[in-house]
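Summary of the model geometry
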Amino acid sequence: MDLHTKLKILGAAAKYDVSCSSSGSSRRNRPGGLGNASLPGICHSWSDDGRCISLLKVLFTNCCAFNCLYCVNRATADVPRATFTPDEVAQLTINFYKRNYIEGLFLSSAVYKNPNYTMELLIATVKKLRKEYQFNGYIHLKAIPGADPLLIAEAGKYVDRMSVNIELPSSQGLQLLAPQKDRDSIIRPMGFIHSKILQAREERKLYKNAPLFVPAGQTTQLIVGATPDNDLKILKLSESLYKRFSLKRVYYSAYVPVTQHPNLPAIASPPLMREHRLYQADWLLRFYGFKADELLDETQPLLDTEIDPKSAWALKNLHLFPVEVNRADYEMLIRVPGIGVRSARRIIAARRYSSIDFETLKRFGVVLKRARHFITCRGKFYGERNINESTLYQLLKPASTQQKGISPASKQLTFSSLYPHVFQPEDVYTVITGEM
Amino acid sequence: MVYYIYDGSFEGLLTAIYEAYYRRETPEKILSSDNVQNSLFIKYVHINTDQEKAQRVYDAIVQKISPSAAKNVLYAFLSEAQDAGTAIYRYLKLGWKMGKSVDSALAEPHVFRVHALRKKVSQEAGKMLGLVRFRLLKSGVYYAPIEPDFNILGIIAPHFKKRMPNQDWIIHDVKRKLAAFYSQGQYAIVPFEFKGALPLDDEEFDYQTLWKEYFQNIAIKSRINPRLQRQFMPVRYWKYLIETPGTQAKS
Ligand code: SF4
């Protein structure tokens, strides 16, 4: 089978894995090596579905011994199969990287023969990249559930990030849809990776040259909508994963119906809005100091699809508002719908110098359409008066989506260091054409 | 009313700011020479660029205000916005008085403007780090043409120097006729124009095809979203990509 066909099959098979992030690791280039991992993470392209392409994301093989019902690669599925060699993956990665198509490699795999055998092939690949090809770019490796901890420990030495996918938020779900996996075979490696990360970090405090272990941390992915698990349950799970294993990210992936089976829900299209709201709520857990219990409870276990979770929370807690933007502390400011981390920081910085007026808020990026109902500015309230919860609800939708931009981590530079003029223009043509 | 006119270089702008200070004049605007429309009611003062004066202003920014203010000024300058010179001048005037806290005074329109320009420029530079596409030439050099909105070549070059230290590369700002040439630990940015076809390496076509196919394949068909794609990657940046975005319609 030629490389084009393999890449087609194994790239397509990997695309449902949503984790595109390449951030969180800064690996410096070593002399003689190629590449470095850049801290904020870099998107290199955006595919036609609007997702960021940062890593060459492929499966090592899609030949699977397991039979998870929600998966296109399950043993009983009738799909074309392919398997890379470690060298093919390494070559592709290197050549794509040198052309700046990608930030690194995201290597995952179906369970070929058995978990240990697969894990060994993955290790052979990443080892080759690091040792033989001197590749210092970003590598994210999927740990195969059920693989021996020793193999996972070995793999961790070469990669920036590792993830074990939980896939289904509950054990019942796993039993029903992925009978060969159990919660233990997933949670145990997560705990193991976590303790190794902590250990490596301690060692590096003592010895500067102690080996790295998964410096960008671990992540996981949950499929949303393949089982009846509600949002409260999912957010609680995420919350405890962040706490117990210091996970860097939990990714949510709207279930894409790839096959039909009595154990699977019959849905026409993936629940994208639900996925979006979960990401927003997750964001609130990680950066806004919210707890899952504040956002949802047993009587209301689902996130509102009409309005964003922060607005929904604020509506339930109208007694806390309005707050005065010139006085409220940072923790409260970021809880105001329409005020984000960045605008809250700006407000705090600017009001040290002078009190802030309403116009300025707009320039600081506050979304006044939402925020005005929850704040006063120099004592004045700009929202509608005599308003109740349900009319406010109408006013708050539809919520716009927030996107995070990246900015380069740049140092102090002077113009002459940016634009040195040492080459002579005449040299230039020989460089480009190779003709002397 | 007095306008200062400088030659369009960063050093020229800094010289103009130096002159305004020592001549105890307050020019209404500081403009680059290619932005000037003559008017009878305005007195135009042409500033001669002076490296030494420019350096003194630069050092003063770093010491009297802050290193990040120097970065703000440089990035805002690279935006090539018509009002950049004036905004920088006013920003610095306030900065001499306030020191490093000038960057908190976002309620001041010129401070805000400089910050906004800096942000636009660094955002584009950040985006460009990913969108640069090298082609391997017969000569063994990796060549990438770009056409950014702002003059960011100098901001992105160090990133590639760190990342690809062992390959010779060229990043060419086609619009500004400027290119960064890198070889063995050093790069230079020089005026450069190149027309005609490039002699590509034999393997190049194969890897381009692999990448194109991969790109087509990675999109999830039930989630095709051209609007979102364009929002992140505006069409004006597509010209020099290898892959071809936007070819898949929702089925
Ligand atoms: S083990 Fe992975 S690849 Fe195999 S069927 Fe299950 S989800 Fe699919």
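The structure presented is a predicted model; accordingly, all values stated were derived computationally and were not measured.

**Quick notes on the overall build of chain B**
Helix and strand content of chain B: eight helices and eight strands. Counting only C-alpha atoms and orienting by the principal axes, one finds that chain B spans roughly 65 × 40 × 40 Å. Sorting the 251 residues of chain B into buried and exposed places 56% on the buried side. Across chain B, the fraction of contacts at a sequence separation of at least 24, relative to all contacts at a separation of at least 6, is 68%. Only carbon and sulfur atoms are counted for the fraction: they give 50% of the accessible area of chain B, which is about 11200 Å². In chain B, which carries 35 positive and 26 negative side-chain charges, the distance between the mean positions of the two groups comes to 8 Å.

**A look at the sheet that holds strand E8 (residues 249-254) of chain A**
All names here are of chain A. Strand order across the open sheet formed by six strands is E3-E4-E5-E6-E7-E8, with parallel pairing between neighbours. If you trace the sheet from one side to the other, it starts and ends with strand E3 (55-59) and E8, each paired once. Strand-to-strand twist across the sheet, computed as the mean angle between neighbouring axes with direction ignored, equals 20 degrees. Examined bridge by bridge, E3 and strand E4 (residues 104-108) share five bridges and lie parallel to one another. Residue pairing across strands places Leu-55 opposite Gly-104, the latter belonging to E4. Where helix H7 (residues 231-245) meets the sheet, its contacts fall on strand E7 (218-224) and E8, and the angle it forms with E8 comes to roughly 155 degrees.

**Comments concerning the state of the cysteines**
Residue and element names in this part refer to chain A. Counted under the stated rule, the structure contains one disulfide over all chains. Cys-43 shares a disulfide with Cys-52; S-S distance 2.3 Å. Residues Cys-43 and Cys-52 share a disulfide whose torsion about the S-S bond is about -105 degrees; that sign makes it left-handed.

**A few points about the confidence of the model for chain A**
All names here are of chain A. Mean pLDDT over chain A: 83, with 87% of residues reaching 70 or higher. For chain A, helix H17 (residues 425-433) is the element with the lowest average pLDDT, namely 50, and helix H2 (residues 86-98) is the one with the highest, namely 96. Of the regions scoring below 50 in pLDDT, residues 399-413 engages in 32 contacts with residues more than four places distant in sequence or in other chains. In this model residues 421-426 is a low-confidence stretch, pLDDT under 50, and it forms six contacts with partners more than four residues away in sequence or in other chains.

**A few points about the site of the ligand**
Lining the immediate surroundings of the ligand are A:Cys64, A:Phe66, A:Cys68, A:Cys71, A:Arg74, A:Ala110, A:Val111 and A:Lys181. Its residues assigned to classes, the shell around the ligand shows six nonpolar, no polar and two charged.

**Focus: the packing of helix H4 (residues 149-156) of chain A against helix H6 (residues 183-206) of chain A**
Residues and elements named next belong to chain A. For the pair H4 and H6, the least separation of the axes is 10 Å and the interaxial angle reads 45 degrees. With respect to each other, H4 and H6 are oriented oblique. Relative to H6, the crossing made by H4 is right-handed. Contact with H4, carried on its side by Pro-149, Ile-152 and Ala-153, involves Pro-189, Phe-192, Ile-193 and Lys-196 of H6 and no other residues of that element.

Reading the values: rules and limits
Residues numbered from 1 in each chain as written. Chains lettered and ligands numbered in written order. Predicted model: local features only at pLDDT ≥ 70, side-chain atom pairs only at ≥ 80, totals over all residues. Heavy atoms only, no water. Helix = DSSP H or I, 4+ residues; strand = E, 2+ residues; numbered from the N terminus. Buried < 20%, exposed > 50% of the residue type's maximum accessible area, 1.4 Å probe, protein only. Contact = heavy atoms within 4.5 Å. Areas by Shrake-Rupley, 256 points an atom, 1.4 Å probe, with all protein chains shown as cover. Lys, Arg positive; Asp, Glu negative; His and termini not counted. Charge placed at Lys NZ, Arg CZ, Asp CG, Glu CD. Pairing = 2+ DSSP bridges. Axes fitted to C-alpha atoms, helices over the stretch in contact; angles between N-to-C directions. Disulfide = S-S within 2.5 Å. pLDDT = per-residue confidence, 0-100. Near = heavy atom within 4 Å. Nonpolar A, V, L, I, M, F, W, Y, C, P; charged D, E, K, R; others polar. Parallel < 35°, antiparallel > 145°, perpendicular 65-115°, else oblique. Left-handed = near helix turned anticlockwise from the far one by under 90°.

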